[in-house]
Structures are given as C-alpha cells and as structure tokens.
Amino acid sequence: MLRVMLVDDEPHILQGLKALIDWNSEGYEIVNASSNGQMALDYLKGNKVDLIIADIKMPVMTGLDLLKEIRDRNLSDAAFVISSGYADFSYAQTAIKYGCSGYVLKPVDKEALLEILREVKTKTDSEGRSEITKEMEDAYFERNLIRVIKGKFDDAILSKVMDKIIDDDVVRYIEIQSEDNYPVDDDRDDADMILAQRKIYEAARSFLGENERNAVFDPSGHDKIYDVGFIYTKVLSSMKGLNENEYIKELHDYICDYSGISVDLYVGKKVKGIKNITKSYGTACRLRYLKGFREKQSIYNYDDNDVKGNNDKVFILKDDIDRYIHCVEENDKTKILESIDKLYAEMRDPGISSFMDININYIVFQLINLAAKQDDDIDQEEVLRIISEKTFENGVLRGSKEHLKQFSLEYADYLSQLRKNVCRGALSDIEKEIRNNYMTNLTLKGLGDKYYVNSAYLGQLFHKKYGCSFKDYLNNFRIEKAVELLLTTDMKTYEIGTAVGYKDVDYFVNKFIAVKGCTPVKFRKQEKQR
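The structure reproduced in this document is the subject of the present report. Position numbers for residues count from 1 along each chain, tracking the sequence in the order it is written. Local features in a predicted model are, by the rule used here, given only for residues with pLDDT of at least 70; side-chain atom pairs are given and counted only at 80 or more, and totals for whole chains, interfaces and linings are based on all residues. Calculated side-chain values reflect all of the structure's heavy atoms, with hydrogen atoms and water omitted.

### So, the overall build of the chain
Secondary structure elements are defined from DSSP: runs of H or I of at least 4 residues count as helices, runs of E of at least 2 residues count as strands, and each element is numbered from the N terminus. Broken down by element type, the chain carries 25 helices and ten strands. Accessibility here uses a 1.4 Å probe with only protein chains present; expressed as a share of the type maximum, an area under 20% marks a residue as buried, one over 50% as exposed, and anything in between as partly exposed. For the chain, the residues scored as buried account for 52% of the 530 residues in total. Across the chain, every contact between residues at least 6 apart in sequence was considered, and the portion connecting residues at least 24 apart equals 70%. Per-residue and other accessible areas were derived by the Shrake-Rupley procedure at a 1.4 Å probe size, with only the shown protein chains allowed to occlude residues. Carbon and sulfur atoms form 48% of the exposed surface of the chain, whose accessible area is close to 24,800 Å². By definition in these notes, contact holds between two residues if any of their heavy atoms fall within 4.5 Å.

### Points about the sheet that holds strand β6 (residues 171-178)
Whether parallel or antiparallel, the strands of a sheet pair through hydrogen bonds between backbone atoms. For two strands to be treated as a pair, DSSP must find at least two bridges joining them. One open sheet accounts for five strands, arranged β7-β8-β6-β9-β10; its pairing is mixed. Strand pairing shows two members of the sheet lacking a second neighbour, β7 (215-217) and β10 (299-301), which therefore form its edges. Neighbouring strand axes in the sheet, compared pairwise and without regard to direction, differ in orientation by 20 degrees on average. Think of each axis as a best-fit line through the C-alpha atoms, taken over the contacting stretch in the case of a helix, with angles from 0 to 180 degrees between the N-to-C directions.

### Observations concerning the environment of I434
By secondary structure assignment, the location of I434 is in helix α19 (residues 426-437). Placed 39 residues apart in sequence, I434 and Y473 show a C-alpha to C-alpha distance of 9.5 Å.

### Observations regarding the pairing of strand β4 (residues 79-84)
Sheet faces and side chains relate simply in a regular strand, where the side chains alternate between the two faces. Taking burial as the measure, the six residues of β4 include six buried ones, the bulk of the element. Side chains of β4 alternate between two faces, with A79, V81 and S83 and F80, I82 and S84 buried alike. Here five bridges tie strand β3 (residues 51-55) to β4, and the two strands are oriented parallel to one another. Paired with L51 across the strands is A79, a residue of β4.

### Points about unusual backbone geometry
One non-glycine residue, V60, adopts positive backbone phi at about 70 degrees. Along the polypeptide, V60 turns up in the loop between β3 and α3 (63-72). Of note in the backbone geometry, D218 takes a positive phi value of approximately 55 degrees without being a glycine. Residue placement: D218 occurs in the loop between β7 and β8 (228-233).

### Observations concerning the pattern of salt bridges
Whenever a carboxyl oxygen of Asp or Glu lies within 4 Å of a side-chain nitrogen of Lys or Arg, that contact is scored as a salt bridge. Per the stated rule, a full pass over the model turns up 15 salt bridges. Here E244 makes a salt bridge to R172, at a shortest N to O gap of 2.7 Å. On the criterion of sequence distance, the pair formed by E244 in helix α10 (residues 244-259) and R172 in strand β6 is long-range, its members being 72 residues apart. The two residues E244 and R172 agree in class, both being buried. One salt bridge in this structure joins K481 and E484, with 3.8 Å as the shortest N-O distance. With K481 and E484 both in helix α22 (residues 470-488) and three residues apart, this pair spans about one turn of that helix. Overall, the relative accessible area of 22% leaves K481 in the partly exposed class. On the basis of relative accessibility, which here comes to 42%, the residue E484 falls in the partly exposed class.

### Some points on the nonpolar core
By nonpolar core is meant a set of buried Ala, Val, Leu, Ile, Met, Phe, Trp, Tyr and Cys residues that side-chain atoms within 4.5 Å join together. Grouped together as the largest cluster of nonpolar side chains are 30 residues, with contacts concentrated most on I434, L458, F462, F470, F508 and F512. When residues of this core are traced back to their parent elements, those giving at least two are α19, α20 (444-450), α21 (455-466), α22 and α24 (505-516). Top element by residues in this core is α22. It accounts for eight residues. Core analysis: the next-biggest nonpolar cluster, separate from the first, contains 26 residues, I174, A196, I200 and I255 among them.

### Focus on the layout of surface pockets
To find leftover empty space, a probe the size of one water molecule is rolled over the atoms. Put simply, the grid is 1 Å and covers the protein atoms alone, a cavity is a trapped set of points that fit a 1.4 Å probe, a pocket is an open set with protein on both sides within 12 Å along at least five of seven lines, and lining residues have an atom within 4 Å of a point. Grid points are joined across faces, edges and corners, and a volume is the space filled by probe spheres set on the points. Counted as a void, the second largest pocket has a volume near 420 Å³. N74, E137, Y140, N144 and K160 are, among the 15 residues lining the second largest pocket, the residues nearest its centre. At the level of secondary structure, the elements contributing two or more residues to the lining of the second largest pocket comprise α3 and α6 (134-149). A total of five residues in the lining of the second largest pocket trace back to one element, the largest contributor, which is α6. Under this grouping Gly is polar, as are all residues other than the nonpolar Ala, Val, Leu, Ile, Met, Phe, Trp, Tyr, Cys and Pro and the charged Asp, Glu, Lys and Arg. Residue composition of the lining of the second largest pocket, grouped by class: four nonpolar, three polar and eight charged.

Everything listed is a geometric property; what it means functionally is a separate question.
Structure below.
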C-alpha cells in the first residue's frame, strides 16, 4: 500500500478527503493528517510517505513552504499534490518549480483526484516507492546547481552538485544568450524567446556529451533574461586536447551551428573550485551589463576587461553625463544623439571601462531625478521600472549605442508628456480598442502611436490603474474570452487559441494554465461537471 499524508487546516476538508474515495481499493492508506505545514514537516522527519496532498493557504506554514522545505532539504521524494480554492497559477507555478505532481481546485473533484492517484501509482515500483525519472533528477540537480551558482547553498547541496560535476582548480561560469535577447520594447513574443533559449540549452548539453549536467537552463530566473548557464572546468578542455580559449571558441561555434541561433557568451572570472562559482557568475552578469559600451563581440571574456592599474580612483564621467541628461530634459533630439556618441567614446577608454557600473548607476539616478522634477507626486519606483525593464536596461544590454539613443529619445518624449500632464482619457479609448480587437496583434507601441501617447508613459498609466503591465492585461483579457468560448461552444483548443489571438497552441495552453491553474480541456470538463 502506498502511504498518504493529508495536510489541511480545515478539519471538515480532511474528513471529506478521507471519505471521498475508497483509498484502500486504489492501493493507498492514509497514514497522517496534519493541520499545517509545520506539523507535516515534523512527521516527515521520522516517517516516510509516498504521496502528500496539501492545501496552499494554511497557518504556521503554507503548503508551498512545506513543498520548498521538503525539496530543498531532501526530506522526501514523495509525490506532492497541491489543492486550493484559489484559481491562481502564480501558486501552481511555484509548486511546479519544486516538483509538484499535480494541482487540484477545491472542492476536490472525485474523478480528478482518482486520475492523479492512478498516475502516481503507475510511477511506483513493487515496494511502493516513487520512481524518480531522469527528468525529475535533472530538475532537482539543476535547482541545487542554481543555488550553488547564486551562493545560496550549504555543504549538503554542494555535495550533491559535486557528485555530478567534476571539480577543478580552474572553474569559470559562462552565460549564454541569443544575440536577440533584448528587444527594445515589451512586445516581444515570449514563446519564441523561450524556444530559442531551449534550443541553446539543448545545444550546450549536446556539446558537453556525458558531462551534460554542466549546462543549466534559465539560472537567472529573470522574466526578461533568457539565459543558459555553462560551468567550465579545465578538465573539459583537457579532454578535448584544447586550451581554454580554443574550447570556449569551439563551444560558441558549436551552439550556433547546432541551434541555428547566433549567441553571445559572457565568460566570468577564473575561480578555484565549484564552491566559488558565484564569484564568477557575478562577473559574467557584469559583462552583460557592460556590453552596451563595448565594441560588438561574440565572446565577452572577463580577462579581456580586467583592467590592471590604479583602482584607488573612481572615474565618473560627470560632465559628459550631465550634458547628456540636460539634452534629454530639453528634448533636444539632435544634441541627445551627439551627447551619446561622445559618452560612448569616453566609456570605451580602458581607464574608465572598469567603472562602468558606477557611471550607469549615476545615469539612472539622474534620469529618475528628471522625472521627479516634472511631477512631485511621481512614483520613483515606477520610473525605475520603466527605465530598467522597459527600455534602458534592455537597450543598453542589447549591445549597441543605437538602442541607448532610441531609449533616450523616447524618455525625452515621456518627460515632455509628464510636463504637460497628458490627459489620461486615452486609456478609455485604448480599453475599447482591446475589447474590439484583442484577437489582433496589439502592442503598447502601436497603441501609443495611434493615440499619440508615449509608450513608456502609457505603460506607466496601465500599471498604475490595473496593477499589471499592458501585456499582462491583454493576456488576461484574451484568456477570459477563451473561457467564454470553452463554455459556450464545442470549438477545439487550437481553434479557441487562434480565435483569441494566439498563434501557437502550446503557448496559448501555457498562458491559460498560468491564469486559470489548469489546461483548457480540464477547465471545460470541470465546469461541465458543476
């Protein structure tokens, strides 16, 4: 019999789950019922179970926190099913990240529960222990590797990583990304970006062969950075009879050929041992930040940018930056472009380049002050979001001063509209546009152009009114329209996806799950059974 733990703070829910099905006939026995995550955690320290069904919202310790603790501390390899009355996949996303086996909405449907139980049972061996698949092993390992990369690990986690990766005296972190990772606006197709990221990841693993675990998918966890991590150790190049630079060059060329995607590599500083990889990771990220002020390359190596000399002085190009800021404030487009040309020329000076991040911080600080000068009530955090997420960060990191120029011109227009306190009535027109044309390729920039509102300013208005980006607002609207079609028609999933504006059915299904917590097919089935 497979051993089951139920975790819920409502006694009647626990009783209802016990009585909902004939557990024994399904090959299960309920061995524990806990009223919160901490009680469950205490039980697991001395007892083994094969399946845990836990509510999300509980006092003391939530179901998600329980799942995280179990996986991070490797307390149990039991299948874990989340149940909740909250149809919000932000919970389920976190649960899936930590190896959740299923997600059911309350009130728990008998058939839905039986389906999950039977899936779990098929994955067990004759002794009733869950079979950990290679995919699950990879997921657990990558999670631990990312913790090591980011410096959030203990000896137990490090030991698990060292079991799979050959350590060495020479170790470097290499960040790999598509050259097209940073479009200037927020209208990119996430599905295409993720697909490219996945191809790059598969190419890196293919290059590594039996050492494929040295590649890791999406280590940054940033929703606007589609990265693949690569742990270089000296032994890897030695096995190929290459020196370090030859190996990294071969890695770059192989990924481009295998994936059909042009990529950039950011090679972090050399460190001694995997346990110090976070230091190399930090320098690789810094290279990405500084890319915008470098001549275009395919491989950015820390060693090439490690400026030797007197680092007791800090160089801020105050005069050049202040001149640039003044041009932006005046919305003098010709002088903005001229000031950026001069700023880039100065930034490429070897004596200045090692202080790039300080200069960038000074630029951002001054840009925020510009917005505050136009409107005393301006939300400075919101301005920073516009600068870092919408245009400035994406443009600079793309690697061309032309993107900084484009940002600066847009930001100057944004400031101009702040000064004029542009009427927010445009939002009602745009809302109507979304209602009537949600199934078409609507973009923030396109709507801004149509209604003569700067796209950054329009994005800010959206975020203030709805608490989310334009892109999320449009996506949620489309999903609600998809729900209407699911409940009122017999259209197939791909037909509904196309009807509400999604070109790719898999992308539509993923977006639907993100909002509703289950697939369109399952949603339709659940609603019809009510």
